[in-house]
Amino acid sequence: MKNILVTGGAGFIGSNFVHYVLQTRDDIQRLVNYDLLTYAGNLENLKDIEKDPRYTFARGDIRDRKAVKELFNEYDFDTVVHFAAESHVDRSITEPEVFLTTNVMGTQTLLDAAKDHWKLAPEDKYSREYKPGVRYLQVSTDEVYGALGKTGMFTETMPLAPNSPYSASKAGADMVVRAYGSTYGLPVNITRCSNNYGPCQFPEKLIPLMIHNALGDKALPVYGDGMQIRDWLHVKDHCAAICAVLDRGRVGEVYNIGGNNEKANLDIVRLILSALDKPESLIAHVADRPGHDRRYAIDNGKITSELGWKPEYTFEQGMTETIQWYLDHPAWVEHVTSGAYRNYYKRMYGS
Ligand code: NAD
Ligand code: DAU
């Protein structure tokens, strides 16, 4: 891993991954963060590393074939870690189209660029020879498996059964990645992780939204009965898992990544209120999300036994640190919620 393309590196997980890689690895010569800076992309997440000589930011759209091809020609990547996506389920319910174009077509654009740049005989449709050491990693989600009942866990061999436009678009992308591996022999991996939490998460997702509202003494909107279960993973554990797959993952394999932390939404909301010394009367049960998946739980067996990765954070430690991060960064929260950070982009990059 010398020249790495990280798409969506200004988002929540992508920006944590950029930090993680630059802090923990000495094999990186160039890390290019390619990001469109949608509402979810925030260069403030990367301010402390923007002068690192190994780091380059390039603003652009993963659906822009010409720009993506030029990027490969300019930087000669050997590794692609593809985070860029529309990522919020609620938004996918009201505006599904952009989820399909970004998450499916954007993925195909990247795969084509990687294939064309890495293939030793690009004109030969039967050739499966690629430059040595190259790897494309698709960051997917456990939501592609659909919903679980009270028991059971997601394993890598389960059929995909997505329920939201978001998860359908991620499942579609996974199928295209799989096809590029099977048909063209492109060296790919797919990782499917559970709900991430940690610093720099946009306050539209459960944990940062509830922290933000609790701090402002606003109602905490809990969908339905609040007994839906998610399997929470600290974002730094996720970054370490991705590196384990890049370093040791078998080509073509799918790896599930989970935190062994099943929690009901209501329990998380209560934990946040208690940590901030706020009353439970702030909880407001609101209409349920259409098609709401009841329970997710990841079976970690494959990645732990094959690659030796395991989550390091306990949920208690991770939540204490995360809540503290939001308390310590009121300006970050103020910028992303007021839209002021968009002015920063305009100043930096034009409209
Ligand atoms: P995010 O919404 O915080 O960030 C997405 C980033 O992608 C933003 O920086 C945005 O500007 C960029 N982007 C969006 N459209 C783009 C386009 N057309 N071209 C270039 N860049 C574009 O997302 P996140 O929560 O950090 O998730 C990152 C990835 O991880 C996604 O693929 C998501 O599906 C997956 N994932 C997330 C979670 C989670 O809990 N957050 C869990 C499992 C998987
Ligand atoms: O499982 C991985 C997925 O986790 C990722 O692929 C997605 O990108 C990510 O957004 C996340 O999806 P969820 O829908 O699980 O996350 P969200 O934070 O939106 O919601 C978590 C749970 O909390 C879910 O059951 C819905 C509920 N919820 C959410 C919000 C925003 C509420 O009850 N109230 C809310 O206001």
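Details of the structure are given in the entry above.
The shown structure was predicted, so the numbers you read here are calculated from the model rather than taken from an experiment. (Residues numbered from 1 in each chain as written. Chains lettered and ligands numbered in written order. Predicted model: local features only at pLDDT ≥ 70, side-chain atom pairs only at ≥ 80, totals over all residues. Heavy atoms only, no water.)

*Asks:* Looking at this model, I keep getting lost on the overall build of the protein chain. Mind explaining?
*Replies:* A count of helical and extended segments in the protein chain gives twelve helices and 13 strands. For 351 residues, the compact-globule formula gives about 20 Å, and the C-alpha radius of gyration of the protein chain, at 20 Å, lands near that figure. Across its three principal axes, the protein chain shows a C-alpha extent of roughly 65 × 50 × 40 Å. Per-residue burial for the protein chain yields a buried fraction of 56% across its 351 residues. Long-range contacts, defined here as pairs at least 24 residues apart, represent 82% of the contacts in the protein chain between residues at least 6 apart. Summing over all exposed atoms, the protein chain offers an accessible surface of approximately 15,000 Å²; the carbon and sulfur share of this is 52%. Of the charged side chains in the protein chain, 39 are positive and 46 negative; the average position of the first set lies 3 Å away from that of the second. (Helix = DSSP H or I, 4+ residues; strand = E, 2+ residues; numbered from the N terminus. Rg over C-alpha atoms; globule rule 2.2 N^0.38 Å. Buried < 20%, exposed > 50% of the residue type's maximum accessible area, 1.4 Å probe, protein only. Contact = heavy atoms within 4.5 Å. Areas by Shrake-Rupley, 256 points an atom, 1.4 Å probe, with all protein chains shown as cover. Lys, Arg positive; Asp, Glu negative; His and termini not counted. Charge placed at Lys NZ, Arg CZ, Asp CG, Glu CD.)

*Asks:* Can you help me understand the sheet that holds strand S3 (residues 55-59) in this one?
*Replies:* Across a sheet, strands are paired by hydrogen bonds formed along the backbone, either parallel or antiparallel in direction. Read across the open sheet, the seven strands follow the order S3-S2-S1-S4-S5-S6-S11; overall the sheet is parallel. Each edge of the open sheet carries a strand with a single partner, namely S3 and strand S11 (254-257). Across the sheet, the mean angle separating the axes of adjacent strands is 20° when strand polarity is ignored. Relative to strand S2 (residues 30-35), strand S1 (residues 3-7) runs parallel, the two being bridged by five bridges. In the strand pairing of S2, Leu5 is matched with Val32. Strands in contact with helix H2 (residues 65-75) are S1, S2, S3 and strand S4 (79-82); relative to S2, the strand with the most contacts, it is inclined by about 170°. (Pairing = 2+ DSSP bridges. Axes fitted to C-alpha atoms, helices over the stretch in contact; angles between N-to-C directions.)

*Asks:* Looking at this model, I keep getting lost on helix H4 (residues 96-118). Mind explaining?
*Replies:* An α-helical turn contains 3.6 residues, so a residue and the one three or four places further along point in the same direction. Over its 23 residues, H4 extends 33 Å from the first C-alpha to the last, a length consistent with the 33 Å expected when each residue adds 1.5 Å. The largest bend along H4 measures about 25° and falls at Met105. (Expected span 1.5 Å × (residues − 1). Bend = angle between axes of the 7 residues up to and from the residue.)

*Asks:* Just to check I follow, could you spell out the pattern of salt bridges for this structure?
*Replies:* A side chain with one charge may pair with a side chain of the opposite charge, provided their charged atoms come close. With the rule as written, the count across this model stands at 21 salt bridges. Ionic pairing is found between Asp174 and Arg192, a salt bridge with its closest N-O pair at 2.8 Å. In this pair, Asp174 is assigned in helix H5 (residues 165-184) and Arg192 in strand S6 (residues 188-193), connecting sequence segments 18 residues apart. In terms of burial, Asp174 and Arg192 fall into one category: buried. Via salt bridges that share partners, Arg250, Glu253, Lys302 and Glu306 belong to a single interconnected network. (Salt bridge = Lys/Arg side-chain N within 4 Å of Asp/Glu carboxyl O.)

*Asks:* Teacher, can you tell me more about the site of ligand 2 here?
*Replies:* Residues in close proximity to ligand 2 total 24 residues, the closest being Thr141, Asp142, Tyr166, Arg289 and His292. Side-chain polar atom of Asp142 to an oxygen atom of ligand 2: 2.5 Å apart, as the coordinates give it. One of the side-chain N or O atoms of His292 is found 2.7 Å from an oxygen atom in ligand 2. Of all the elements in the fold, those that place two or more residues in the shell around ligand 2 are helix H3 (89-94), helix H6 (206-215) and strand S8 (220-223). Within the shell around ligand 2, the residues separate by chemical class into nine nonpolar, eight polar and seven charged. (Near = heavy atom within 4 Å. Polar contact = N/O pair within 3.5 Å; in protein donor to acceptor, adjacent residues only side chain to side chain. Nonpolar A, V, L, I, M, F, W, Y, C, P; charged D, E, K, R; others polar.)

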